[in-house]
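The primary structure of each chain is shown beneath.
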Amino acid sequence: MIRVLTVAAATVVVALLLTGPASAFSRSEPTIVSTDGTTLAATLFVPDGTPPATGWPAVVFMHGLGGDRASMNALALTMGMIGEQYVVLTFDARGHGASGGLIGILGPNEVADVRSVFRWLRDRPDVADDRIGAFGMSYGGGAAWNSLAAGVPWAAIEPVETWTDLRAALTPQNLAKSGVIGGFLAGLPPAKVDPSVLAVRDASFAGRIGEAATWAAARSSVDRLRGVRTPVFMMQGRRDFAFGLDQVRRPWAALAGPKRLWIGNHGHAPSTFPGPDSAGMLLEGRRWFDRFLRGVPNGIDTGKPVVVAAEGSTRVTRHAALPRTRAVRVSLPGSRTIAQGGKVVRRSTRTTSALEVFGAPTVKVPVRAVGGWSRVVAVLSARTPAGKEIVVAGGGAPTRPGRRAVTIRLIDQATLIPKGSTLTLTLASSSLAQDPANLLYLDLPMPATARATFGAATLSLPVLARPISR
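Note that this is a predicted model, so its numbers are computed, not measured.

### A few points about the overall build of the protein chain
In terms of helices and strands, the protein chain carries 10 helices and 23 strands. Computed over its C-alpha atoms, the radius of gyration of the protein chain comes to 23 Å, within 12% of the 23 Å expected for a compact globule of 470 residues. By principal-axis analysis of the C-alpha atoms, the protein chain measures approximately 75 × 45 × 40 Å. When each of the 470 residues of the protein chain is scored for burial, the buried share is 59%. Working note: accessible area of the protein chain is about 17,900 Å², and carbon and sulfur atoms make up 54% of it.

See below:
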């Protein structure tokens, strides 16, 4: 099941890695009223002493889906943001914690909430109104992106393991990642969820993707980021099956201002937060805010802007641009007909070298669908010489009656496949066929007459020209 967020526990680990002097501050618990009258519970940290003549720089920290501001209080403290240099504000998102309203998954109401929080903080006489930044994890990262795209004048933002294109994240190729969607919503109290969200979930599960697309477009920022000059430090996970690396590729190309990208070992399942490199990442996050909110010339904006952590390691490599890849193609012959619940399994010979996948693998396969068969799900895994199974990525696409060639784009990620591994491609009606614990795509109903015949498949892997991991 996809996790919602584990920041509260994770900050204890990160706190052991990030150290700094304790600083004096005052804490209060204000209530902020949004434009529609919804109350937002907040926590405000203000440095002791006299503020600078222009006011303190400030940062708003925003939590993940199903969480609350307590996790962000801990993370902000861990990063050294709470103390003598910044005003820090955290708040419970609409429908979360002690705040009112219903959860709309960052629709217009939530964007209005962020705008209200920004204005409330900006209007304080002890805050510099042109030096307010935003930090958000997962759901909170989406809030940072969406509010920026909506015109909230952040001085800098740091979105972590999140989305910019919700449709591409949750319904890629017009097929719902039903396990991801269901997993996110299952962690929320039903009474706190706007009924429209549940209606869109049901529509996407039923294949009415047009309804979901309109809803998702209103919750996506990617098409509104071209030319944006706000400094942005993106922190995305190497292996995140909810929000893949595709969610930062288009923003990376579109943004016109200072930008930085850290691709690390954190993220939603199959990753966790923090990863081995997260302490270093958050230290650079603090430096990013110091540069663009306090004006400290610390060089964070002059070095190579792309950082990629080696898999499972604290070691990182730094690049002037996204690392180059080359294509590795694997032919997987065969032909087999299955009913729902069945699966087609194709295996490669052992790899002759280590392969570090960096991008979205593709599967091309002819499919003959009859009797109401409506989709194909592909899962790529690798069995290492030591016997460990690595799920590299999954993906799916709808099918139409008759025989057609189907191209399935798998999740965009970075995964090390050790030398001597055997690649396995599983084709079925759900990801459960690969492993009952793989809940990426659920086995939603199809007619009992549904059958699919799969021909020879071709797998294309984008791998790093120069591997980073060992």
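### Comments concerning the packing of helix 6 (residues 178-186) against helix 7 (residues 195-205)
At a minimum axis distance of 11 Å, the contact between helix 6 and helix 7 shows a crossing angle of 160°. In terms of orientation, helix 6 and helix 7 fall into the roughly antiparallel class. Once helix 6 is placed against helix 7, the crossing between them reads as left-handed. From helix 6, Ser178, Ile181, Gly182 and Leu185 reach across to helix 7, where they touch Val197, Leu198, Arg201, Ser204 and Phe205. The residue makeup of the contact of helix 6 with helix 7, split by class, is five nonpolar, three polar and one charged.

### Some details on the pairing of strand 23 (residues 457-464)
Among the eight residues that make up strand 23, seven are buried, leaving the element largely enclosed by the rest of the structure. Where strand 12 (residues 325-332) and strand 23 come together, eight bridges link them in antiparallel fashion. Bridged to Ala327 within strand 23 is Pro462. Relative to strand 23, strand 16 (residues 362-370) runs antiparallel, the two sharing three bridges. Across the sheet, residue Thr362 finds its bridge partner in strand 23, namely Ser460.

### What about the pairing of strand 20 (residues 413-417)?
Taken across its five residues, strand 20 has five buried, putting it largely inside the fold. Every second residue of strand 20 is oriented toward a common face, with Gln413, Thr415 and Ile417 on one face and Ala414 and Leu416 on the other, all of them buried. Pairing geometry for strand 15 (residues 355-359) and strand 20, over five bridges, is antiparallel. Along strand 20, the bridge assignment pairs Gly359 with Gln413.

### Comments concerning the packing of aromatic side chains
Per the counting criterion, the structure on display carries eight aromatic pairs. Ring geometry for Phe25 against Phe45: centres 5.7 Å apart, planes inclined by 70°, an arrangement best described as edge-to-face. With a gap of 20 residues between them, Phe25 in strand 1 (residues 25-28) and Phe45 in strand 3 (residues 39-47) connect regions that are remote in the sequence. Under the relative-accessibility criterion, Phe25 is labelled partly exposed at 32%. In this structure an aromatic cluster arises from ring pairing among Trp163, Phe184 and Phe243. Just above the ring of Phe292 sits the side chain of Arg291; from NZ or CZ to the centre is 5.2 Å.

### A few points about empty space enclosed by the protein
A water-sized probe rolled over the atoms picks out the places where empty space is left. Using the criterion set out here, one finds two cavities of 30 Å³ or more in the structure. Taken as a whole, the largest cavity encloses approximately 270 Å³ of empty space. Looking at the largest cavity, it is lined by 20 residues, and the ones nearest its centre are Ile105, Leu166, Leu170, Ile181 and Trp215. Residue assignment for the lining of the largest cavity shows that the elements contributing at least two residues are helix 5 (166-170), helix 6, helix 7 and helix 8 (209-217). In terms of residues, the lining of the largest cavity owes the most to one element, helix 7, which gives four residues. Across the lining of the largest cavity, the residue classes break down as 15 nonpolar, three polar and two charged. In this structure, the second largest cavity encloses a volume near 100 Å³. Met62, His63, Phe91, Ala93, Arg94, Leu106, Glu110, Asp113, Val114, Tyr139, Gly140 and Ala143 are the residues that line the second largest cavity. Secondary-structure elements contributing two or more residues to the lining of the second largest cavity are helix 3 (108-122) and helix 4 (139-149). Looking at the lining of the second largest cavity, its residues break down into seven nonpolar, two polar and three charged.

Cut-offs and rules
- Residues numbered from 1 in each chain as written.
- Predicted model: local features only at pLDDT ≥ 70, side-chain atom pairs only at ≥ 80, totals over all residues.
- Heavy atoms only, no water.
- Helix = DSSP H or I, 4+ residues; strand = E, 2+ residues; numbered from the N terminus.
- Rg over C-alpha atoms; globule rule 2.2 N^0.38 Å.
- Buried < 20%, exposed > 50% of the residue type's maximum accessible area, 1.4 Å probe, protein only.
- Areas by Shrake-Rupley, 256 points an atom, 1.4 Å probe, with all protein chains shown as cover.
- Axes fitted to C-alpha atoms, helices over the stretch in contact; angles between N-to-C directions.
- Parallel < 35°, antiparallel > 145°, perpendicular 65-115°, else oblique.
- Left-handed = near helix turned anticlockwise from the far one by under 90°.
- Contact = heavy atoms within 4.5 Å.
- Nonpolar A, V, L, I, M, F, W, Y, C, P; charged D, E, K, R; others polar.
- Pairing = 2+ DSSP bridges.
- Phe/Tyr/Trp six-rings, centres within 6.5 Å; stacked < 30°, edge-to-face > 60°.
- Lys NZ or Arg CZ within 6 Å of the ring centre and 35° of its normal.
- 1 Å grid on protein atoms, 1.4 Å probe; cavity = no way out; pocket = protein on both sides within 12 Å on 5 of 7 lines; lining within 4 Å.
- Points joined across faces, edges and corners; volume = space filled by probe spheres on them.

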